[in-house]
Structures are given as C-alpha cells and as structure tokens.
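# Geometric and topological summary
Take a look at the letters that make up each chain.
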Amino acid sequence: LEEALNTGYSILEKGGLSLDAVEATIRIMEDSELFNAGKGAVFTNAGTNELDASIMDGSNLKAGAVAGVKTVKNPISAARKVMDKTWHVMLSGDGADLFAKEQNLEMVDPIYFYTQRRWDSLKKIQSEKHGTVGCVALDKHGNLAAGTSTGGLTNKKWGRIGDSPIIGAGTYANNKTCAVSGTGQGEYFIRGNVAYDISAIMEYENLSVGKAARKVISKLSDLGGEGG
Ligand code: ASP
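These numbers come from a predicted model, not from an experiment.

Before going further, it helps to spend a moment on helix α7 (residues 194-205). Counted at 1.5 Å a residue, the expected span for α7 with its twelve residues is 16 Å, and the 16 Å between its end C-alpha atoms agrees. Taken residue by residue, α7 has Val194, Ala195, Asp197, Ile198, Ser199, Ala200, Ile201 and Met202 as its buried positions. Of the surrounding secondary structure, the elements contacted by the buried residues of α7 are β6 (171-173), β7 (179-181), α6 (186-191) and α8 (209-223).

With a phi angle near 60°, Leu61 is a residue other than glycine that sits in the positive phi range. As for its position among the elements, Leu61 is in the loop between β1 (51-57) and β2 (62-69). Although it is not a glycine, Asn206 sits at a positive phi angle of roughly 60°. Looking at where Asn206 falls in the secondary structure, it is placed in the loop between α7 and α8. Taking relative accessible area as the criterion, Asn206 reaches 70% and is therefore assigned exposed.

Another aspect to go through is the nonpolar core. Ranked by size, the top nonpolar core spans 32 residues in total, and within it Val22, Ile26, Ile55 and Val66 carry the most contacts. Counting residues per element, the ones that place at least two in this core are α1 (2-13), α2 (18-31), β1, β2, α3 (75-85), α4 (93-102) and β4 (133-138). Those residues within four positions of Val22 in sequence are excluded, and the remaining contacts are Ile55, Cys135, Val136, Ala137, Ala145, Ala146 and Gly147. Counting residues in each nonpolar core, the second largest holds 19 residues, with Met56, Tyr172, Ala179 and Leu220 among its members.

About the thresholds
- Residues numbered from 1 in each chain as written.
- Predicted model: local features only at pLDDT ≥ 70, side-chain atom pairs only at ≥ 80, totals over all residues.
- Heavy atoms only, no water.
- Helix = DSSP H or I, 4+ residues; strand = E, 2+ residues; numbered from the N terminus.
- Expected span 1.5 Å × (residues − 1).
- Buried < 20%, exposed > 50% of the residue type's maximum accessible area, 1.4 Å probe, protein only.
- Contact = heavy atoms within 4.5 Å.
- Core = buried A, V, L, I, M, F, W, Y, C linked by side-chain atoms within 4.5 Å.

The structure is reproduced here in structure tokens:
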C-alpha cells in the first residue's frame, strides 16, 4: 500500500495528472497478491477469475470501464484505454480482453490469477469482503480522478458484474464536487447509485463530502448493504 501511495504521490508532486496517478497507483495494487484486484482477484463459483475496473476524469466527466475480463493483467489500464481510445464507456467479457490485446496491454494466461489463498477461500465458500482497490487523486491543476479495480465477490456467479466498473455506482469523479471509489457489496452500490449520489448531494444540497458520504452510506445500510 505504501509503494502504491508513493507511486501516485510522486506523480502528483511533479505536477502530473490525477488520472495518471490513479492508474499508476492501482496498477501497483493489481500486481500484488494482497488485494482483491489483478493478481490477487477472488474466484467465481465456477473457479474462474473475472475482473472489473473503471476510471473517471473529473475534469471532463470522461470515463472508461471493463467488466468480466479474464486475461488482461491490469484491468485499470484497460479501463483507461476504453476511455482514451473509444467513444464507449464500458466493454465486457471477451470483447474487452480482445480490445486490451489490440491496445498492446500485457495479457496473461488465466492461471496467472490463481493464488492459493483465494482458492482456499472459495473452497471454504467464505465471502471475502475486503481487498477491492480504489484510488482518488487531486492534482496541482485542480483535477480530480477516481479509479476502482476488483475481482468482485468470492463465489459470485460467473458473469456477475458488480458496482466497481459502473460509473456512478462504484466510481465517480467531478471537479465540481468530489472523487469516489467504493468497496462493499456491489449489488447495493448499484441499487443506491452510491458514488454519483455522494456527488449529487454535494452539488444539490451544498453539503461537505463528509456529510454527503455519511448520508449515502446510511441509505446503503437502510437497503441492507454495507461498504465504504
Ligand atoms: N464492490 C465489489 C463488488 O461487489 C467488491 C468489493 O468491494 O469487495 O464486486
């Protein structure tokens, strides 16, 4: 985590873009086994790894996301490519993997995502609640950016997509308000439009980020979900 933070911070310190800081920071966490993203992604009930990620630029509300990818080593960079190189916001499944390959991103055999710890937790059918990674950054130019990357929930049905790649649910950034990256049970974040709701409450009700976030998280609990 320290390495990830230092990487992002040094980009910001040199006057770099928040978007670049977010992507670089998340890549470090994706390459670590310690987080439920990239290398350390959890398993679906079919014993596969299906990864989701998204990124958003608060200066122009551009965004990119990939869902259910299986062979791209760094899904956050695939999300960034969707944002930069297409007019779409989200690509999913095989098409998203193919796109990442065409963009010359590093591809891996699905076995790369096998880790003993995540395999054992699938076998125990324990729900791994922690480990999704997220990053928000504010650069010297006043631009906010947010990104999120995850393997989803352990034992999820294959094909299930959570909130992390959904702009407005798990990720949102707007220079006018805030940058948000969520973690928790994605189904509730989607139903509650959590990330966008925090930004909207700040904009429409003129509340601070802390108050807006608390309000939205309490709505999330009312729905029966939890997260942060
Ligand atoms: N929000 C993620 C999902 O539902 C999981 C997590 O944050 O742990 O896919």
